[in-house]
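Chains, contacts and geometry: an overview
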Amino acid sequence: MVELTIDGKSVEVPEGSMVMHAAHKLGTYVPHFCYHKKLSIAANCRMCLVEVEKAPKALPACATPVTNGMVVHTQSEKAVAAQKSVMEFLLINHPLDCPICDQGGECQLQDLAVGYGQSYSRYEEEKRVVFHKSLGPLVSAEEMSRCIHCTRCVRFGQEIAGVMELGMLGRGEHSEITSFVGRAVESELSGNMIDICPVGALTSKPFRYQARTWELARRRSVSPHDSVGANLVVQVKGEKVLRVVPFENDAVNECWISDRDRFSYEGINSDDRLTAPMVRACGGEWREVSWSDALSAVAEGLKDVREHAGGAGIGALASEYATTEEYALLARLMRALGSENVDFRLRQTDDDFDAALEGTPWLGMDIADLDSVDRVLVIGSAIRAEHPLLAQRLRQAAKRGTQVSFIDALAEDPLLPVAARLTVAPAQWLDAVAQVVVALAKAKELPVPQWAGTIEAGETAQAIAASLVAGEKVAVLLGNQALSHAQASTLAANAAALAELAGGTLGFLGAGGNTVGGYLAGATPGKAGRTAASMLSEPLNAYLVLHTEPVLDADNGAKAIAALQAAQFAVALTPYRSAAEDWAHVMLPVTPFTETSGTFVNAQGLAQSFKGTTAPKGQARPGWKVLRVLGNVLGLEGFDEETSEAVRDSVLGGNIRAALSNGIKAAPAVSASAPVKLQRVGDVPIYRSDAIVRRAESLQAMRVSRLPVAGINAATLAELGLEAGTPIRVGSQVGSIETVAELDKTVADGCIRLAAAFEQTAALGGSQVELSVERL
C-alpha cells in the first residue's frame, strides 16, 4: 500500500494505482472525460490535470502513479487554471448546438463547462465540421463535430466488446472517429458506446429526438432475455418506454448491458400488442369481449375438456422469460385441474432430462466468479449470441490468463483467445466429450473410465485436456444448444464426468431470463406429466400457452402449430396478437415484464424482484393476476394471494441455493446411434430469441437478423456437389424449404446451418434434425 495526501486528506491505495483511483477512494471528484474505470488509461483529454507538489507542471490524475508521501491538490489555483485552459481548448471547435443535442441535460461536457468554462470564446475562426457517419440502425453518429476525441468508444470496442469497430483517423484538429470503410457497428454490446460517450457524438438512433432527459421518469427493472438478469433503468415518458440503460451492479452485469437488453423495448411498444380479451366466433372471426366473458369462456372450455378427457388431457406451455410468480400460478392451476403437464422449456427435446437431474440446474458459481476461473470448457453454445455479458466476462478473464476451450458445431469467433476448439456435428458431441475424458485421464495417469474405453482421443481433444489438466479452478459449461440436444441427459452426464475428473465445476448457462425460476416454481412435469416436446408431438385436448410464440419458440415449430390447431381448446395468455391468432380459441392480453411486478432468478440463483415501469397497455393485465383470477373462476383452492410478493414468498421463501444442484443421475455413455449423414445446426440468432426482441424493429434491421440461408463449409459443399450461391431444397422428415447454399467456414463438417426462430425455416422441424439436399 502507498500513502499519499489529496487536498489535505490522507489515503492509502495499492501500489501501481493512479492519483485518480486515490481521489475516488476519498470521494474527491476530479473532472475528466477520457477516464473510465472499466477501460484502459488514455490520458488524452487532459481535463483531470492536478497539481502535484515538487512536479514542474500540472499532471493528469488518471495517468500519474501514486508514490509514498505524494501531495496532490485538485482545486488549487494552478490545478483549476490548467483545467480551465483544457476546457477552453475543448470548446474551440465544439458546436453550440446544446438545444438540439440529444445529450443535452445529461452531457458531461455541458456539466463541466459550467464550472470550468467561460461565458464567451476568444476563438473567432471558423469551427471545424466533421461529416456524419453511418454506423447502422442502433448507434447514431450524425453529429460527429461534437466529438472531443476521448477515445472511450474505441477502447470499449477493443477491450470490452472484443472487436475494434471504431478507430481514429487524422491528427490534431483533423482527427475524427470513424468505422472501418463505412461498415456498420455490429457488436452485440455496441449500445454501451452511447452510455460512455461523454458528449452528444454517439447517441441512440431509436431514441433520437424522442424526449428530453428531464422529461423521463426512471424506474429499475431486470432483463428477461438471458440468464444473466442484467439490471436495467427503464426510462418512461407518460406511459411509454422510450429508453433503457444499465443499472450498475458489479455482481451481475457490471455497468454494461447487451443491445438486446437495451433496444428490445421497441417490441413492448409494438403495434402488434393485444389490448383486449378476444374470443374466436364460430365462423373463425375474432371479437373483443369483456374480461369476465373471456375468463368464463376459458373456464367452460377447460371444464369441458376435463370432464371428457380428464385433467391429463390439458397441458400448459410457457416461455423462459415468464416471471416466477406466473410460473408458480400456472403450475398450481394445472395441478388443481388434475394435470402434471406443464413445461417452459420449449426447445428441450430429451424427455429423460428431468429424470437425470438431482435438483435445479444452475451456473454452479456466482457470475462474478467467472472472473477468477483459469480454465473453461464451453459445450454447445454460441455464447456471444446466447449470453453476451457472460462472453464479456470470459473475455476479461482471458486477458488475465484464463484459457477457454469449446466443443461446438459453429466455430464462430468469441472475440477472445481460444485455447482449443473441437467443432463437430451435434450428433458427435457425446463422443467429443468422451474423447476429452479419455485424454484427461491419460494426462493425469488415471484409469480411463469404462464407459469411454472404446473412444480414441483426437489431437484437438488432447489439446483441450492439456488445457484443463493445468488448471486450478476449472468450469465446464453447457450452453443452449447442448440442452436442446436429443440426448441432453447423457451429454450432461458426460460433461459432469469430465468436470469431476478435472476437479472443476459443472454449470448450466440457462436459455432464458428465468430458467432457474421456472424449475424452482415447479413449472416442470410431475412424474405422470409430459414435457413440452411430448405435449406437442402427441397432441393434447387443451392447451394453456403463456408468453409463447410456439412456431418460433418451440424446437419443432411446425409440430407445435399443428398440435395447437388440432386441439379441442387452446388459450393464449400473450402480449401479442399475431403470436396466437392462428391457433387459439381465446386470447387473453397479459403484460410484458415492464408492465408487471415479478421476480426473475438468474443463472447463479439470485432472485431479483422488480415493479412495473408503466401501466398495462389497454386492457392487458399482469399474467399472475390473470392466472389467479382464472383459478377463482374455476372454483379451485389456493388462489388467494393478492400481491405478486405473496406468490413469490410462497415459492422462494426458503434457501434458494439449497434447491440448486448440478448433480446428474444419468450414466455417461458414448453415442450408440448410427452417424447422421447431414445434420441441421439450428442456432437461435441473438435478436430472434423471444417474442419481445423479435418485434424490436431496430434489432431486426441488424445483419444477424436477416433471413437465413444454408451455411455449409467448403468440404461439405464439395461432398454435396454444390457451389456457393446454388439454389437448393433442404428437406427433413416433416417438411422442406427452398433456400440458397452459402459458404460458411464456421460450420462443422456434415452440417447445414439454418437458423431457428424464423417462420421461413420452421417447416424443417427440430434444430438438430437430419437433412437432405437437392439442387433446384
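Residues numbered from 1 in each chain as written. Predicted model: local features only at pLDDT ≥ 70, side-chain atom pairs only at ≥ 80, totals over all residues. Heavy atoms only, no water.

1. Notes on the overall build of the protein
On a plain count of helices and strands, the protein comes out with 25 helices and 33 strands. Radius of gyration (C-alpha) of the protein: 28 Å, near the 28 Å computed for a compact globule of 776 residues. Its C-alpha atoms give the protein principal-axis dimensions of roughly 90 × 70 × 60 Å. Here the analysis covers contacts within the protein between residues at least 6 apart in sequence; of these, 72% occur between residues at least 24 apart. Total accessible area on the protein is roughly 29,900 Å²; 50% of this is exposed by carbon and sulfur atoms. Side chains of the protein carry 71 positive and 90 negative charges; the gap between the two charge centres is 4 Å. (Helix = DSSP H or I, 4+ residues; strand = E, 2+ residues; numbered from the N terminus. Rg over C-alpha atoms; globule rule 2.2 N^0.38 Å. Contact = heavy atoms within 4.5 Å. Areas by Shrake-Rupley, 256 points an atom, 1.4 Å probe, with all protein chains shown as cover. Lys, Arg positive; Asp, Glu negative; His and termini not counted. Charge placed at Lys NZ, Arg CZ, Asp CG, Glu CD.)

2. Regarding the side chain of Asn556
Here Asn556 lies in the loop between helix 19 (550–553) and helix 20 (557–566). A residue is classified by how much of its surface remains accessible, and Asn556, at 18% relative accessible area, is buried. Apart from the residues lying within four places of it in its own chain, the contact partners of Asn556 are Val734, Gly765 and Gly766. (Buried < 20%, exposed > 50% of the residue type's maximum accessible area, 1.4 Å probe, protein only.)

3. Observations regarding the packing of aromatic side chains
A complete count under the given rule lists five aromatic pairs for this structure. Measuring from ring centre to ring centre gives 4.9 Å for Phe600 and Phe610, while their planes differ by 40 degrees; the resulting arrangement is tilted. With Phe600 in strand 26 (residues 598–601) and Phe610 in strand 27 (residues 607–610), the pair connects residues that are 10 residues apart, well separated along the chain. Neither Phe600 nor Phe610 differs from the other in exposure class; each is buried. Every member of this aromatic cluster is reached through a ring pair, and the members are Tyr327, Phe344 and Tyr519. (Phe/Tyr/Trp six-rings, centres within 6.5 Å; stacked < 30°, edge-to-face > 60°.)

4. Details of helix 8 (residues 291–309)
With 19 residues, helix 8 should reach 27 Å at 1.5 Å per residue; the first-to-last C-alpha distance of 27 Å fits that figure. Every buried residue belonging to helix 8 is among Trp291, Ala294, Leu295, Val298, Ala299, Gly301, Leu302 and Val305, and all of these are buried. Buried positions in helix 8, seen along its axis, are confined to an arc of 165 degrees and lie on one side of it. Of the residues in helix 8, the exposed ones pointing more than 90 degrees away from the buried face are Glu300, Glu307 and His308. Directly after helix 8, the chain includes Gly310, whose backbone phi takes a positive value near 80 degrees. (Expected span 1.5 Å × (residues − 1). Arc of directions from axis to C-beta.)

5. What to know about empty space enclosed by the protein
It is the rolling of a water-molecule-sized probe over the atoms that shows where space remains empty. The tally for this structure, following the rule as stated, stands at five cavities of 30 Å³ or more. Of the volumes computed, that of the largest cavity is approximately 710 Å³. Along the wall of the largest cavity there are 46 residues; nearest its centre are Glu320, Arg347, Asn480, Ala511 and Gly512. Those elements that place two or more of their residues in the lining of the largest cavity are helix 11 (383–386), helix 15 (480–483) and helix 17 (515–520). (1 Å grid on protein atoms, 1.4 Å probe; cavity = no way out; pocket = protein on both sides within 12 Å on 5 of 7 lines; lining within 4 Å. Points joined across faces, edges and corners; volume = space filled by probe spheres on them.)

6. Side note on the domain arrangement of the protein
Domain annotation for the protein reports domain 1 (278–356 + 518–658), domain 2 (367–508) and domain 3 (679–775). At the interface, 17 residues of domain 2 touch 13 residues of domain 3. Where domain 2 abuts domain 3, roughly 1,100 Å² becomes buried across the two surfaces, and 59% of that area is made up of carbon and sulfur atoms. Contact with domain 3 buries surface across domain 2, with Ala385, Leu410 and Pro426 losing the most and accounting together for 39% of the total. Counting every contact that joins domain 2 to domain 3 gives one salt bridge. Among the ionic pairs, Arg753 bridges to Glu412, the shortest N-O distance being 2.9 Å. One can count five residue pairs in polar contact (both at pLDDT 80 or more) joining domain 2 with domain 3. A breakdown of the residues in the side of domain 2 that touches domain 3 according to their chemical character gives 11 nonpolar, four polar and two charged. (Domains from an automatic or database assignment. Buried area = accessible area lost by both parts, 1.4 Å probe. Salt bridge = Lys/Arg side-chain N within 4 Å of Asp/Glu carboxyl O. Polar contact = N/O pair within 3.5 Å; in protein donor to acceptor, adjacent residues only side chain to side chain. Nonpolar A, V, L, I, M, F, W, Y, C, P; charged D, E, K, R; others polar.)

7. Description of the packing of helix 9 (residues 324–336) against helix 22 (residues 644–652)
It is at 9 Å that the axes of helix 9 and helix 22 come closest, and there the two elements cross at 75 degrees. Regarding the angle of helix 9 to helix 22, the classification is roughly perpendicular. Where helix 9 abuts helix 22, its residues Thr324, Glu325, Ala328, Leu329 and Arg332 lie against Ser644, Val647, Arg648, Ser650, Val651 and Leu652. Residue composition of the contact of helix 9 with helix 22, grouped by class: five nonpolar, three polar and three charged. (Axes fitted to C-alpha atoms, helices over the stretch in contact; angles between N-to-C directions. Parallel < 35°, antiparallel > 145°, perpendicular 65-115°, else oblique.)

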